[in-house]
Amino acid sequence: MAYLGSERWAAFRQEIIDERGYECERCGETEPPLHLHHLTYVRMGHEAPSDVELLCPDCHDEADEEREAETGGGYDYDDDDDDDDDDDWD
Ligand SMILES: [Zn+2]
């Protein structure tokens, strides 16, 4: 699957940023890089805007832990720790 870094994902990410502004949705951080965090993977590949959250790296870590606690950690695409990647899609 060549979804990571796909044009569709980049366009979707841009749409979210245009709509919400380049700002962490939890703490208001505006310093790049901000990450698009998946609240759920149920619509993987055709996400709804409500499926994602724009977060700074700190809040992203927290959000990942929350999701892991909720899903029991058994369903996680985040197998490489590339938090310094500006286009982190996790
Ligand atoms: Zn934040």
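Please refer to the structure higher up on the page.
Residues numbered from 1 in each chain as written. Predicted model: local features only at pLDDT ≥ 70, side-chain atom pairs only at ≥ 80, totals over all residues. Heavy atoms only, no water.

Caption draft 1: Main features of the overall build of the chain. In terms of regular secondary structure, the chain is built from two helices and two strands. Mapped from its N terminus to its C terminus, the chain presents α and β elements in the order α-β-β-α. Counting only residues that meet the buried cut, the chain has 34% of its 90 residues in that class. When contacts within the chain are restricted to residue pairs at least 6 apart in sequence, long-range pairs at least 24 apart make up 61% of them. Element-wise, carbon and sulfur atoms account for 45% of the exposed surface of the chain, whose accessible area totals about 5300 Å². (Helix = DSSP H or I, 4+ residues; strand = E, 2+ residues; numbered from the N terminus. Buried < 20%, exposed > 50% of the residue type's maximum accessible area, 1.4 Å probe, protein only. Contact = heavy atoms within 4.5 Å. Areas by Shrake-Rupley, 256 points an atom, 1.4 Å probe, with all protein chains shown as cover.)

Caption draft 2: Up close: the coordination of the zinc ion. The coordination sphere of the zinc ion contains the protein donors Cys-24 (SG), Cys-27 (SG), Cys-56 (SG) and Cys-59 (SG), at a distance range of 2.3 to 2.4 Å. The sequence pattern formed by the donor residues of the zinc ion is C-x2-C-x28-C-x2-C. A relative accessible area of 2% places Cys-24 in the buried class. (Donors = N, O, S within 2.8 Å, 3.2 Å for Na, K, Ca; no water.)

Caption draft 3: Here's a closer look at helix 1 (residues 7–20). With 14 residues, helix 1 ought to run about 20 Å at 1.5 Å a step, and its terminal C-alpha atoms sit 20 Å apart, in line with that. Turning to helix 1, its buried residues are Trp-9, Phe-12, Arg-13, Ile-16 and Ile-17. Angular distribution of buried residues about the axis of helix 1 spans 135°; they occupy a single face of the element. Pointing more than 90 degrees away from the buried face of helix 1 are the exposed residues Glu-7, Asp-18 and Glu-19. Packed against the buried residues of helix 1 are strand 1 (35–38) and strand 2 (52–55). A positive phi of about 90° marks Gly-21, the residue just after helix 1. (Expected span 1.5 Å × (residues − 1). Arc of directions from axis to C-beta.)

Caption draft 4: Here's a closer look at the side chain of His-37. Within the secondary structure, His-37 sits in strand 1. Among the polar contacts listed, one links the side chain of His-37 to the side chain of Asp-64, at a separation of 3.4 Å. (Polar contact = N/O pair within 3.5 Å; in protein donor to acceptor, adjacent residues only side chain to side chain.)

Caption draft 5: Structural view of the packing of aromatic side chains. According to the stated counting rule, one finds one aromatic pair in the structure shown. Centroid distance Trp-9 to Phe-12: 5.6 Å. Interplanar angle 35°. Geometry classified as tilted. With Trp-9 and Phe-12 both in helix 1, this residue pair falls three residues apart, about one helical turn. The buried category is assigned to Trp-9, whose relative accessible area is 3%. (Phe/Tyr/Trp six-rings, centres within 6.5 Å; stacked < 30°, edge-to-face > 60°.)

Caption draft 6: Seen up close, the pattern of salt bridges. Inspection of every chain in the model, using the stated rule, returns six salt bridges. The partner of Arg-26 in a salt bridge is Glu-53, and the shortest N-O contact between them spans 3.1 Å. Separated by 27 residues along the polypeptide, Arg-26 in the loop between helix 1 and strand 1 and Glu-53 in strand 2 bring together distant segments of the chain. As a salt-bridge pair, Arg-26 and Glu-66 come within 3.1 Å of each other at their nearest N and O atoms. Taken together, the positions of Arg-26 in the loop between helix 1 and strand 1 and Glu-66 in helix 2 (residues 57–71) put the pair 40 residues apart, joining distant regions of the chain. Here Glu-66 falls in the partly exposed class, since its relative accessible area comes to 37%. The network of salt bridges with common partners includes Arg-26, Glu-53 and Glu-66. (Salt bridge = Lys/Arg side-chain N within 4 Å of Asp/Glu carboxyl O.)

Purely spatial values, then, with no claim about function.
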